[in-house]
Amino acid sequence: MTDARPASVPPPPGRLRRAWQSDFLWSFRRAPVAMVSFLVVTVLVLAAVFAPLVAPHDPFNPATLNLMNGFTPPGQPNAFTGESFWLGTDDQGRDVFSTILYGMRISLFVGFSAVLLAMVLGVLLGLLAGYLGGWTETVIMRVADVQLTFPAILVAMLIFGIAKGITPPEYRDQMAIWVLILAIGLSDWVQFARVVRGATLVEKNKEYVQAARLVGRSPFAIMTRHILPNVLNPVLVIATISLALAIIAEATLSFLGVGAPPTKPSLGTLIRIGQEFMFSGEWWILFFPALTLLALALSINLLGDWLRDALNPRLR
Amino acid sequence: MPDGTGTLNPLVEVRGLKMYFPITAGVFRKKVGDVKAVDDVSFTIYEGETLGLVGESGCGKSTCGRAVLRLYEPTAGSIRIAGTEIATAGFDSLRAMRPAMQMVFQDPQASLNPRMTVAGIIGEPLDEHTTLTRKEKLARIYELMDQVGLNRDFANRYPHEFSGGQRQRIGIARALALNPRFIVCDEPIAALDVSIQAQVVNLLEELQDRLGLTYLFISHDLSMVRHIADRVAVMYLGKIVELAPRESLYGSPQHPYTQALLSAVPEPDPMVEATRRRIIIGGDVPSPANPPKGCNFCTRCPKVMDICREIDPEFREIAPGRHVACHLVTQASQTAGQAAASEASGTTEIRIQQGE
């Protein structure tokens with residue numbers, strides 16, 4: 001009775017086709033702010049990823065640097081060498097445009113990794129707290145509450161300080177980026193955990209979860225196969241907004257001198273270096289990295305805002 | 001004693017089932033009381049029959065059905081399905097029993113995972129309990145879809161693309177996937193349109209005939225239960241007050257609550273309706289966290305006696321297959337006088353909730 005029929009069943013419509021026809025893209029095409037933000041984010045991310053191809057100079061190769069090029073204002077030829085740079089140069093003659101591209105690489109890498117860490121940790125703990133309840137929930141959520149009473153940046157600095165204390169000095173610069181990721185990631189998991197726990201509490205009482213229990217599914221399988229796919233929407237929104245916050249947190253830490261080392265400057269490090277020259281007239285060393293950070297964080301945030309509305313069924 | 005079924009082979013035996021939910025208060029979640037959702041319930045379901053479980057909203061009938069399948073951890077009591085004790089079984093032995101006992105849920109919208117395809121939903125029990133190859137599994141899924149009257153072409157669709165009746169068919173196919181012997185139908189038709197209700201009930205009956213299934217059919221729809229059930233149990237505030245074969249229960253209800261409940265069934269014939277007398281009981285259902293002393297129904301019973309407020313009536317067999325928990329029935333000599341007296345005094349209004 002099951003001979004030829006299965007073959008006649010049409011395959012599901014192609015994923016691309018389904019995605020194009022979805023409500024999601026429909027609302028994207030009708031939101032100019034989201035489209036502009038998306039464009040800005042895409043251009044910035046691509047520029048950062050392909051920095052070695054895009055950047056006119058390699059700012060971290062001492063061989064190509066000329067100290068005589070220091071403090072060249074944007075767009076004007078240098079008084080000694082005659083070279084000109086779009087966005088000027090810093091005190092050591094590094095092209096500001098190139099340092100921004102390379103700095104953005106570090107900022108984005110730290111931001112993405114930190115959010116990924118926070119997301120994995122938060123979603124896991126949130127699922128456990130929400131689904132298992134009882135003591136597991138009490139412990140996880142009280143830890144979250146306590147952590148929430150400290151400003152995230154303070155928690156990050158604490159973790160950063162401890163990590164710096166236990167790493168041997170010769171590895172410090174190498175490890176700085178990873179410590180930064182760990183610090184920001186650990187300071188940011190609470191939001192994910194709280195939202196996922198709340199959504200899990202709603203989902204776990206739905207009958208499809210009981211049906212899965214009735215089949216004999218293990219709690220782990222129920223959490224990952226049934227509840228997780230149904231709580232991912234809010235997670236996606238928080239992840240986007242967290243990305244902007246993580247990039248700013250990284251910049252803040254680097255600005256305070258506890259983040260990315262000057263040998264591998266991120267946007268925050270560039271801003272810190274730049275602010276030393278702000279009052280001596282070399283405004284461009286500070287201004288352009290700061291503007292890039294603003295554009296990046298603002299676009300990601302606006303994109304997150306739109307995503308929140310687009311994924312909210314009540315606003316459709 | 002089942003009507004119409006020849007064998008008397010008990011498949012499900014529930015004895016003294018209690019399901020209490022703790023009420024906690026304060027920071028340390030200290031227990032301050034219990035909601036007695038199911039309080040000392042006993043019944044037997046024979047192989048191949050349908051036991052209807054009726055009662056108003058919040059009387060514990062759904063909780064009872066779920067506790068029987070160990071979706072909740074029962075507080076006390078014994079549940080034996082096909083001779084295996086379910087109430088105290090560990091995770092692994094319970095898992096081994098899962099294929100034999102399944103459930104059809106009330107809300108076909110909530111009982112299907114919105115992120116899984118129909119094939120994924122129906123195939124999940126097969127993933128968990130069988131080692132079929134992909135092809136065999138697909139063949140079984142198609143077979144199940146045929147059985148419940150779903151078009152095979154819909155296998156890759158998602159639940160939101162279906163109507164309520166079709167979704168309920170998906171839920172039934174999932175319940176059937178592992179060839180269960182016993183299915184708890186938890187208000188399977190309550191969320192459906194009336195026209196669809198009949199289709200789903202007919203499907204359930206047809207599957208019962210074909211596959212020899214045993215049902216616990218939970219519902220608040222008394223006419224539907226009369227249609228599908230062989231025997232009927234009436235629940236009030238966590239207890240079964242009357243359990244009898246269908247015809248005798250609908251024909252001559254013994255418990256005052258059953259009488260009142262049955263008098264609330266809508267009558268399609270206006271001529272009959274005009275002459276019919278409804279028994280209207282006053283007040284509200286007491287809180288299951290604080291049930292009255294004595295008989296649970298004593299606060300609202302039109303035929304209440306002094307003894308009802310003191311002693312909880314025993315659930316006993318008054319005739320073969322007829323069980324009632326009421327002092328009136330056991331003290332037959334007093335019945336006539338008491339009933340007349342309380343009916344003469346008349347009762348204030350109101351309703352027996354029938355829907356949810």
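Asker: Explain the environment of V54 of chain B to me, please; I cannot follow it from the model alone.
Answerer: Residues and elements named next belong to chain B. Considering the arrangement of structural elements, one finds V54 in strand β3 (residues 50-54). Once the C-alpha coordinates of V54 and D221 are considered, the two residues, 167 residues apart in sequence, prove to be 7.6 Å apart. Once you skip the residues sitting within four places of it in the chain, V54 turns out to touch S219, H220, L222, V225, V232 and V234.

Asker: How do you make sense of the nonpolar core when you look at a structure like this?
Answerer: The nonpolar side chains of a soluble globular protein tend to be buried with one another. In terms of nonpolar packing, the biggest core is built from 173 residues, with L180 of chain A together with A173, L216, F217 and V234 of chain B touching the most fellow members. Ranked by residue count, the leading element in this core is helix α6 (residues 96-132) of chain A, at 19 residues.

Asker: Mind showing me how you'd approach the packing of α6 of chain A against helix α12 (residues 267-275) of chain A here?
Answerer: Angle between the axes and distance between the axes: these two values describe a pair of packed helices. Residue and element names in this part refer to chain A. Close contact between α6 and α12 brings their axes to 7 Å; oriented N to C, the two are set at 130 degrees. Looking at the two axes, α6 sits oblique to α12. Residues T99, I100, G103, M104 and S107 of α6 lie in contact with α12, whose contacting residues are L267, T269 and L270.

Asker: When you look at the sheet that holds strand β2 (residues 30-46) of chain B in this model, what are you seeing that I'm missing?
Answerer: Pairing between the strands of a sheet is mediated by backbone hydrogen bonds and can be parallel or antiparallel. Residues and elements named next belong to chain B. One open sheet holds the 4 strands; their spatial order is β2-β1-β4-β5, and the pairing between them is antiparallel. Looking at the sheet topology across the chains shown, the edges are occupied by β2 and β5 (84-85). Judged from the 5 bridges that link them, strand β1 (residues 10-25) and strand β4 (residues 76-81) form a sheet pairing that is antiparallel. What sits directly across from R15, in β4, is S78. Of the strands in this sheet, β1, β2 and β4 are in contact with helix α1 (residues 61-68), which crosses β2 at around 75 degrees.

Asker: It is not clear to me how the sheet that holds strand β6 (residues 101-104) of chain B should be interpreted in this structure. Could you clarify?
Answerer: Residues and elements named next belong to chain B. Taken in spatial order, the 8 strands of this open sheet run β6-β7-β8-β3-β9-β10-β12-β11, and their pairing is mixed. Lying at the two open borders of the sheet, with one neighbouring strand each, are β6 and β11 (316-319). With strand direction ignored, the average angle separating the axes of adjacent strands in the sheet is 25 degrees. Looking at chain direction, strand β10 (residues 239-245) and strand β12 (residues 322-324) are connected through 2 bridges and run antiparallel. Bridge pairing links L243 to H323 in β12. Those strands touched by helix α5 (residues 164-176) are β6 and β7 (182-186), and its axis lies near 175 degrees from that of β6. The strands that helix α9 (residues 256-263) touches are β9 (231-236) and β10; relative to β9, the one it contacts most, it runs at about 105 degrees.

Cut-offs used in this document
Residues numbered from 1 in each chain as written. Chains lettered and ligands numbered in written order. Predicted model: local features only at pLDDT ≥ 70, side-chain atom pairs only at ≥ 80, totals over all residues. Helix = DSSP H or I, 4+ residues; strand = E, 2+ residues; numbered from the N terminus. Contact = placed C-beta atoms within 7 Å. Core = buried A, V, L, I, M, F, W, Y, C linked by C-beta atoms within 7 Å. Buried ≥ 20, exposed ≤ 12 C-beta atoms within 10 Å, placed from the backbone. Axes fitted to C-alpha atoms, helices over the stretch in contact; angles between N-to-C directions. Parallel < 35°, antiparallel > 145°, perpendicular 65-115°, else oblique. Pairing = 2+ DSSP bridges.

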